Every structure is written in C-alpha cells, then in structure tokens.
Amino acid sequence: MGASFRNIGEIQALAGCDRLTISPKLLDELDQQAGDLPQQLTASLNRITAEPALDEACFRWEMNEDEMAHDKLAEGIRKFMADQYQLETLLGELSRR
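Let us look at the structure shown here. (Residues numbered from 1 in each chain as written. Predicted model: local features only at pLDDT ≥ 70, side-chain atom pairs only at ≥ 80, totals over all residues. Heavy atoms only, no water.)

Now for the overall build of the protein chain. Within the protein chain, the secondary structure is distributed over 4 helices and 0 strands. When the helices and strands of the protein chain are placed in sequence order, the string is α-α-α-α. Whereas a compact globule of 97 residues would reach a radius of gyration of roughly 13 Å, the protein chain reaches 18 Å, over 25% beyond that. Seen through its C-alpha atoms, the protein chain measures out along the principal axes to roughly 45 × 40 × 20 Å. Taking all 97 residues of the protein chain together, the buried fraction comes to 10%. Sequence-distant contacts in the protein chain: of pairs separated by 6 or more residues, those separated by 24 or more amount to 29%. Within the structure as shown, the protein chain displays about 8700 Å² of accessible surface, and the carbon and sulfur contribution to it stands at 53%. Averaged over its 10 positive side-chain charges, the protein chain has a centre that lies 5 Å from the centre of its 18 negative ones. (Helix = DSSP H or I, 4+ residues; strand = E, 2+ residues; numbered from the N terminus. Rg over C-alpha atoms; globule rule 2.2 N^0.38 Å. Buried < 20%, exposed > 50% of the residue type's maximum accessible area, 1.4 Å probe, protein only. Contact = heavy atoms within 4.5 Å. Areas by Shrake-Rupley, 256 points an atom, 1.4 Å probe, with all protein chains shown as cover. Lys, Arg positive; Asp, Glu negative; His and termini not counted. Charge placed at Lys NZ, Arg CZ, Asp CG, Glu CD.)

Turning to its location among the elements, E75 is positioned in helix α4 (residues 67–95). Within polar-contact distance, the side chain of E75 engages the side chain of K72 at 2.9 Å. (Polar contact = N/O pair within 3.5 Å; in protein donor to acceptor, adjacent residues only side chain to side chain.)

We now examine the nonpolar core. Core analysis: the largest hydrophobic core is formed by 5 residues, namely F5, I8, I11, L26 and L30. Contact partners of L26, with chain neighbours within four places excluded, come to F5, R6, N7, I8 and I11. (Core = buried A, V, L, I, M, F, W, Y, C linked by side-chain atoms within 4.5 Å.)

Right, let's talk about the pattern of salt bridges for a bit. For the coordinates displayed, the defined rule picks out 4 salt bridges. Residue K79 is joined to E75 by a salt bridge in which the shortest nitrogen-to-oxygen separation is 3.1 Å. One end of the pair is K79 and the other is E75, both in helix α4 and 4 residues apart, which spans about a single turn. Three or more residues joined by partner-sharing salt bridges are found here, namely K72, E75 and K79. (Salt bridge = Lys/Arg side-chain N within 4 Å of Asp/Glu carboxyl O.)

Turning next to helix α2 (residues 24–32). Of the positions making up α2, those classed as buried are P24, L26 and L30. End-on view of α2: buried residues confined to an arc of 160°, all on one side of the axis. With respect to the buried face of α2, the exposed residues turned more than 90 degrees away are K25, D28, D31 and Q32. The elements touched by buried residues of α2 are α1 (8–13) and α4. (Arc of directions from axis to C-beta.)

See below:
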C-alpha cells in the first residue's frame with residue numbers, strides 16, 4: 001500500500017496499485033489534472049513467495065523490542081487519525097452545502 005506521498009508525481013508513478021492513502025491536498029491537485037491517468041503497475045505473473053507472516057504474539061514482541069519501530073508506528077497512527085478527522089470535517093462541510 002502506497003502512502004506518505006510528497007507530490008502527485010509519486011502518486012501517478014504508482015497508478016495501478018491496489019491501495020494508496022492520499023492526502024486531501026494531493027487529491028485536490030490530482031482532481032485539477034486534465035486527461036487520463038495511465039496505469040503504470042500491473043500484476044506480475046512471476047510473484048515472489050513471501051515468507052510466512054508473523055503471528056500476533058511474535059509481532060507484538062518484535063515491535064516492543066524495537067523502540068523506533070514502536071514509536072514510529074504510534075506516530076503514524078496518530079497522524080493518519082488526524083488526517084481522517086480532517087477529511088471527515090471537510091466531507092461534513094461539503095454535505096451541508
């Protein structure tokens with residue numbers, strides 16, 4: 001999942017990705033663009049098999065052992081929630097118009 005974009009060029013380069021999180025500001029910039037957005041990414045037939053995922057207990061242990069990972073995850077969640085609240089406020093304002 002793509003996230004933390006700094007400009008619309010980064011988003012355009014990932015056209016075709018299944019999931020992206022895009023800030024309202026960059027969504028507005030994309031909305032102002034004229035023309036089509038050609039797909040850049042396609043599913044590969046030669047996928048690499050990923051290692052088995054950690055179970056929850058192992059994940060929690062490893063997160064607690066890595067102070068920076070723990071802190072950055074918490075910071076990221078707080079920032080995504082702040083953006084979520086901002087988006088909900090904007091949508092509420094638009095629906096009242």
